[in-house]
Structures are given as C-alpha cells and as structure tokens.
Amino acid sequence: TSFDKFNPFTLKGVTAPGVAQLMFESLLTSSADEVASAYGLLAEDVTVAKDGLSVTFKIRQDARFNNGLPVLAKDVKYSFDTLMSPLASPQFKTIYADVKQAVVVGERLIRFDFHRRNSELPLLVGSMPIFSQRWGSESAGKAFNQLTFENPIGSGPYVIEKYDIGKSIVFRKGPGQRLYWDRDR
C-alpha cells in the first residue's frame, strides 16, 4: 500500500501500515475472550472513583518508550491533550467527548475526569494510544500535525528499521533495553 507519513493520529495523509498496531500501546489491553474487560498493559493498577466520575491509572515503573525513556503521567496527559486538539484527527474529540480532562496526580499517576457517569469510560481512556511528549511537541521542532517521517516515539514492541517512502516499511524488535513486556525472553 502507498503511504506518506508515520503519524496515525492526524487526518491528512496515509499512514504506513502497521505503525499504529506495532509502535503504540495503551494503559490497558482488552481480552479476546471477555467482553468489556481489560487488563493492565502500561498501567499496573486502575482505580475507578466510587462516584464513577473519574478513573486513576498507575503506570508501571518499567514501562518505557522505544527511546529508553520512562512512560510518565505527563506523557499520558500530553497524548490525551494532543488527541483532543485541532492537531489530531477530529474523530478523537468524538471518541473522548465525555472525558472532561486528564490530570497528572504524580509522576506515574494519571486521573481522567468524566462529564458524566458511564461504566465504559475507564475502558475507553484505558485503550487510548500513548506516545512520548518528545514526539511532536513544539520543543521537537514540528507541530504534531506536521509530523511525517519523524520516527514515532511509542512504547510498542517494534521500531522502524527502514522504509522506502510510499512503497515498503520494515519493522524490527525494539532496541536493546529490556522492556517490561519482554522480561522472560
């Protein structure tokens, strides 16, 4: 398939196949055989408020991005805020419409506040893709919606090894650091 970018979260252009699935993870992962269930991926703990109007995630100590830096609450907030901004595809504003805000509670604690009670909202925000604030922040030199072939900084198991614009892309297992999901291999 033809492609003209690596950023799967913007509206303009065609993303290289596999980038979203292989390079980005979420706080939770769904179960193939349990409806409306999810388990910790980047998050090691989830707490839903008694009133159902917020959920707090504790991020694993050993969760890392593919550049070796830790996944922190500020990265989760950056991901949410960016996806809700005009720099991302408008579909995210629809998907997360009932999420009031993301609040950094601690270095590895992030809370999502909701506009209304809905038992699916913790699962919804838990499935949001997380990327580093170093990818696409103004300090990186380009606005998020202007990222084309800048290597994504995600926590997924693969990185881009090589590509031929619009023709082919080759992924390889992430760099030498031992990742939390790979500790027994």
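Since we're looking at a predicted model, the values are computed, not measured.

Novice: Lay out the environment of Asp-75 in plain terms, naming residues and giving numbers.
Specialist: Within the fold, Asp-75 resides in helix α2 (residues 73–83). Spatially, the C-alpha atoms of Asp-75 and Asn-151 are 17 Å apart, while their sequence positions differ by 76 residues. Look past the residues within four positions of Asp-75 in its chain and what remains in contact with it is Phe-65, Pro-70, Ile-130, Phe-131, Ser-132 and Gln-133. Within the local environment of Asp-75, its side chain forms a polar contact with the backbone nitrogen of Gln-133, the two atoms lying 3.0 Å apart.

Novice: Summarise the layout of surface pockets; cite the residues concerned and give the values.
Specialist: In this model, the largest pocket occupies a volume close to 200 Å³. Around the largest pocket, the lining is made up of 14 residues, and of these Thr-10, Lys-12, Gly-13, Asn-145 and Thr-148 lie nearest the centre.

Novice: So, the nonpolar core: which residues are in play, and what are the values?
Specialist: In summary, soluble globular proteins display a tendency toward joint burial of nonpolar side chains. Ranked by size, the top nonpolar core spans 43 residues in total, and within it Leu-27, Phe-57 and Phe-112 carry the most contacts. Of all the secondary structure elements, the ones that give two or more residues to this core are α1 (19–23), β5 (54–59), α2, β6 (99–106), β7 (109–114), α4 (121–126) and β10 (168–173). For this core, the element with the most residues is α2, which contributes five residues.

Novice: Can you lay out the sheet that holds strand β4 (residues 43–48) for me, pointing to particular residues and giving the numbers?
Specialist: Here four strands make up an open sheet; going across it, the order is β4-β5-β7-β6 and the pairing antiparallel. Either end of the sheet is taken by a strand with one partner, and the two such strands are β4 and β6. Adjacent strand axes in the sheet meet at a mean angle of 20° when their direction is disregarded. One ladder, built from five bridges, connects β4 with β5; its direction is antiparallel. From the neighbouring strand, Val-48 faces β5, where its bridge partner is Val-55. Strands β5, β6 and β7 of the sheet are contacted by α2, whose axis makes an angle of about 165° with β6.

Novice: Tell me about α2, and please be specific about residues and values.
Specialist: The α-helix winds at 3.6 residues per turn, so residues separated by three or four positions along the chain end up facing the same way. In terms of burial, α2 is largely enclosed, as eight of its eleven residues are buried. Ala-73, Asp-75, Val-76, Tyr-78, Ser-79, Phe-80, Thr-82 and Leu-83 are the residues of α2 that are buried. Residues of α2 that are buried sit in contact with β5, α3 (91–95), β6, β7 and β8 (129–130).

Novice: Account for the environment of Ala-97, naming residues and giving values.
Specialist: Looking at the element boundaries, Ala-97 is found in the loop between α3 and β6. A relative accessible area of 46% means that Ala-97 is categorised as partly exposed. Each C-alpha atom, one on Ala-97 and one on Met-84, is 8.8 Å from the other, the two residues being 13 residues apart in sequence.

Novice: Could you give me a rundown of the pairing of β5, with the residues and numbers involved?
Specialist: What sits between the antiparallel neighbours β4 and β5 is a turn of five residues, in which Gly-52 has the positive phi angle 75°. As paired strands, β5 and β7 are joined by five bridges and run antiparallel to one another. Note that in β7 the partner of Lys-58 across the bridge is Leu-109.

Novice: Account for the packing of aromatic side chains, naming residues and giving values.
Specialist: The tally for this structure, following the rule as stated, stands at 19 aromatic pairs. Their ring planes at 5° and their centres at 6.5 Å tell us that Phe-92 and Tyr-96 sit as a pair that is stacked. With respect to class, Phe-92 is no different from Tyr-96; both count as buried. What links up through ring pairs into an aromatic cluster is the set Phe-9, Phe-24, Phe-57, Tyr-78, Phe-80, Phe-92, Tyr-96, Phe-112, Phe-131, Trp-135 and Phe-144.

Novice: I'd like to hear about the environment of Ile-59, residue by residue, with values.
Specialist: As for its position among the elements, Ile-59 is in strand β5. The exposure class assigned to Ile-59 is buried, which follows from its relative accessible area of 0%. Look past the residues within four positions of Ile-59 in its chain and what remains in contact with it is Leu-27, Leu-42, Ala-43, Glu-44, Val-71, Leu-72, Ala-73, Val-76 and Arg-108.

About the criteria used
Throughout, a residue's number is its position along its own chain's written sequence, starting from 1. In keeping with the model being predicted, local features are shown solely for residues with a pLDDT of at least 70 and side-chain atom pairs are shown and tallied solely at 80 or more, while totals for entire chains, interfaces and linings include all residues. Side-chain measures here rest on the full set of heavy atoms in the structure, leaving out hydrogens and waters. Numbering of helices and strands starts at the N terminus; helices are DSSP runs of H or I of at least 4 residues and strands are runs of E of at least 2. A contact between two residues is defined here by any heavy atoms of the two lying within 4.5 Å. In the analysis that follows, any N or O atom pair within 3.5 Å is treated as a polar contact, provided that within protein one partner can donate a hydrogen and the other can accept it, and provided that, for residues neighboring in sequence, both atoms belong to side chains. Note on definitions: the grid is 1 Å and covers protein atoms alone; a cavity is a set of points where a 1.4 Å probe fits but cannot get out; a pocket is an open set with protein on both sides within 12 Å along at least five of seven lines; lining residues have an atom within 4 Å of a point. Grid points are joined across faces, edges and corners, and a volume is the space filled by probe spheres set on the points. The term nonpolar core refers to a set of buried residues drawn from Ala, Val, Leu, Ile, Met, Phe, Trp, Tyr and Cys, joined through side-chain atoms within 4.5 Å. Accessible area is worked out with a 1.4 Å probe on protein chains only. A residue is then buried under 20% of its type maximum, exposed over 50%, and partly exposed in between. The pairing criterion for strands is at least two bridges between them, as found by DSSP. Only C-alpha atoms enter the line fits that serve as axes; for helices the fit covers just the stretch in contact. Angles between N-to-C directions range over 0 to 180 degrees. Between the rings of Phe, Tyr and Trp (Trp by its six-membered ring), a pair exists once the centres lie within 6.5 Å; its type follows the angle of the planes, with under 30 degrees stacked, over 60 edge-to-face, and the other angles tilted.

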